[in-house]
Amino acid sequence: EWGVAADGSERQRESVRVKERAMGEEEATRDFYEVLGVSRSATDDEIRSAYKKGAIRWHPDKNRHQEDLAAEKFKELSTAYAVLSDAAMRRKYDLNGLEGLEEVDLSKVEIDISSLGTMGNVVASLFSQLGVLNVKSRVSQSVLDSAGSRDLKTTELKFNDPISSTVRKNSAHFYKVQVTREDVESGFCVFCKSPSSRFKVLLFHKGESRGEEVSDIKIQEDSTLLGKQGNVAGIFFFDFPTYSLGQPPSTIATAKDPEAALFRRLETLEPRDTCSIQPGEHVFAVYGDNFLKSSTYTIELLRQGGYKEETR
C-alpha cells in the first residue's frame with residue numbers, strides 16, 4: 001500500500017488511506033446531507049440529531065486505533081452541520097451547492113455549542129482531544145438577545161484599570177467603553193488574557209430594525225494560545241495593522257511532525273479584522289468559550305503606547 005512495509009502496522013496503513021482520502025476531498029467535497037446521513041428535506045431537529053450521533057461515533061475514546069481518521073471525520077461532520085444548521089447558509093447551499101457558499105470560508109465555520117444541550121460537552125471534548133481547531137463555537141443566541149436589550153447591564157472599563165473576573169461558558173460579561181476624539185486619534189485597544197481559558201472578545205454595533213433597537217457583532221476576536229502568555233485576544237484601533245495566529249496544532253500532531261506543525265500554524269497568520277470607530281460610548285464583551293467550564297480572564301483598555309510597553 002503505497003510503499004508501506006509488509007510488516008507495517010495497521011495505523012500506518014490507516015494514515016496512508018487518510019492521506020489518499022484527503023487528496024480526493026481536495027478535488028470534490030462530499031454532499032453535506034450525505035455526510036450527516038439525512039435527506040435534503042430534513043428538519044433542524046433531524047440534522048441536530050444526526051450530528052450528535054456522528055460525534056458519538058467518532059469520539060476519540062472509541063477510535064484510539066484510528067485517530068487521524070476520527071479527526072478528519074469530525075471536521076467533515078462539523079462543517080456539514082455548521083452549514084445546514086444555519087438557515088441562511090443552508091438556503092444558499094440548497095439553491096447553488098458549494099458555489100452558493102463562495103463567500104464563506106468553510107475553514108472557519110462556527111457551531112452554536114449551546115444548541116446541542118448536554119451533548120455540547122461531548123462535542124467540546126472532541127474539539128480539544130482531536131485538535132479540531134478550525135471549527136469555532138458560535139456566540140449563543142441568548143447573549144445576542146441580551147446585547148440588544150435596553151436593560152443591558154454593563155461594567156465601565158477605563159484606561160489602564162484592568163478588571164479580572166470569571167465568565168460562565170456560553171455567557172458574556174459586557175463592558176462600556178467611553179472614548180474621546182483624542183483617544184481615537186492616538187490609538188487604543190481592548191486587550192484580554194487568560195492563563196488557561198478560551199474566550200472571545202466582541203464589539204457590538206447598535207442600530208434599529210422596524211422601529212426596534214437591535215444589536216449585532218461588529219468585530220469578533222477568538223483567543224489564541226501563545227505559550228506562557230496563555231490565551232490572548234484583542235480588538236485594536238491602531239495606526240498600523242496587527243496580525244493574529246490561529247490555534248496551535250494538537251499535541252498529537254506536533255509530536256508526530258513538529259516541523260510540519262510549525263509551518264501549519266504559520267499558515268494561519270492573517271490580518272485582524274478592523275473598523276473605524278467614532279468618539280463616544282461603545283459596548284464590548286468577553287464571551288466564555290471554554291466549552292466545558294467557566295473562563296477566568298483579565299481585560300484592560302490600553303492606549304497604543306501603553307500596549308507597546310505592556311507587550312514588551
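Just above sits the structure.
Reading the values: the criteria
Residues numbered from 1 in each chain as written. Predicted model: local features only at pLDDT ≥ 70, side-chain atom pairs only at ≥ 80, totals over all residues. Heavy atoms only, no water. Helix = DSSP H or I, 4+ residues; strand = E, 2+ residues; numbered from the N terminus. Buried < 20%, exposed > 50% of the residue type's maximum accessible area, 1.4 Å probe, protein only. Areas by Shrake-Rupley, 256 points an atom, 1.4 Å probe, with all protein chains shown as cover. Phe/Tyr/Trp six-rings, centres within 6.5 Å; stacked < 30°, edge-to-face > 60°. Pairing = 2+ DSSP bridges. Patch = residues over 30% accessible without salt bridge, like charges linked within 9 Å, V, L, I, M, F, W, Y side chains within 5 Å. Salt bridge = Lys/Arg side-chain N within 4 Å of Asp/Glu carboxyl O. Arc of directions from axis to C-beta. Polar contact = N/O pair within 3.5 Å; in protein donor to acceptor, adjacent residues only side chain to side chain. Axes fitted to C-alpha atoms, helices over the stretch in contact; angles between N-to-C directions. Parallel < 35°, antiparallel > 145°, perpendicular 65-115°, else oblique. Left-handed = near helix turned anticlockwise from the far one by under 90°. Contact = heavy atoms within 4.5 Å. Nonpolar A, V, L, I, M, F, W, Y, C, P; charged D, E, K, R; others polar.

S.K.: Got a sec to walk through the overall build of the chain? Specific residues and values, please.
M.R.: Secondary structure assignment for the chain yields 11 helices and 14 strands. When the 312 residues of the chain are sorted by exposure, 41% land in the buried category. For the chain, the computed accessible surface area is about 17,200 Å², with 48% contributed by carbon and sulfur atoms.

S.K.: Go over the packing of aromatic side chains with me, naming the residues and quoting the values.
M.R.: Under the defined criterion, the tally for this structure stands at 9 aromatic pairs. Each ring, one from Tyr-33 and one from Tyr-93, has its centre 6.2 Å from the other, and the planes form 35°; the classification is tilted. Here Tyr-33, found in helix H2 (residues 32-36), pairs with Tyr-93, found in helix H5 (residues 87-96); they are 60 residues apart in sequence, far enough to count as distant. For the pair Tyr-33 and Tyr-93, a shared accessibility class is recorded, and that class is buried. Here Phe-236 and Phe-238 contribute two aromatic rings whose centre-to-centre distance is 5.3 Å and whose plane-to-plane angle is 75°, an arrangement assigned as edge-to-face.

S.K.: Help me get a handle on the sheet that holds strand S14 (residues 295-303), residues and values and all.
M.R.: One open sheet holds the 5 strands; their spatial order is S4-S14-S6-S10-S9, and the pairing between them is antiparallel. Pairing within the sheet leaves two strands with one partner each, and these edge strands are strand S4 (163-167) and strand S9 (224-225). Here 7 bridges tie strand S6 (residues 188-194) to strand S10 (residues 231-237), and the two strands are oriented antiparallel to one another. Of the residues in S10, the one forming a bridge with Cys-189 is Phe-236.

S.K.: Pulling in residues and values, what's your account of a nonpolar patch on the surface?
M.R.: There is a patch of nonpolar side chains on the surface, built from Leu-262, Phe-263 and Leu-266 and spanning about 310 Å² of accessible area. Looking at the element boundaries, Leu-262 is found in helix H10 (residues 258-266).

S.K.: Can you explain H5? Please cite residues and give values.
M.R.: Taken together, the buried positions of H5 are Met-89, Arg-90 and Tyr-93. Angularly, the buried residues of H5 cover 100° about the axis, an arc narrow enough to put them on a single face. Pointing more than 90 degrees away from the buried face of H5 are the exposed residues Ala-87, Arg-91, Leu-95 and Asn-96. One side-chain oxygen of the residue at the start of H5 lies 3.1 Å from the amide nitrogen of Ala-88, identifying that residue as Asp-86.

S.K.: Please give an account of the packing of helix H3 (residues 44-57) against helix H4 (residues 67-84) that cites residues and values.
M.R.: Taken N-terminus to C-terminus, the directions of H3 and H4 make an angle of 165°; their axes are 10 Å apart at the nearest point. It follows from the interaxial angle that H3 and H4 lie roughly antiparallel. Both H3 and H4 take part in a crossing whose hand is left-handed. Residues Ile-47, Arg-48, Tyr-51, Gly-54 and Ala-55 of H3 form the contact with H4, whose participating residues are Phe-74, Leu-77, Ser-78, Tyr-81 and Leu-84. In terms of residue class, the contact of H3 with H4 is made up of 7 nonpolar, 2 polar and 1 charged.

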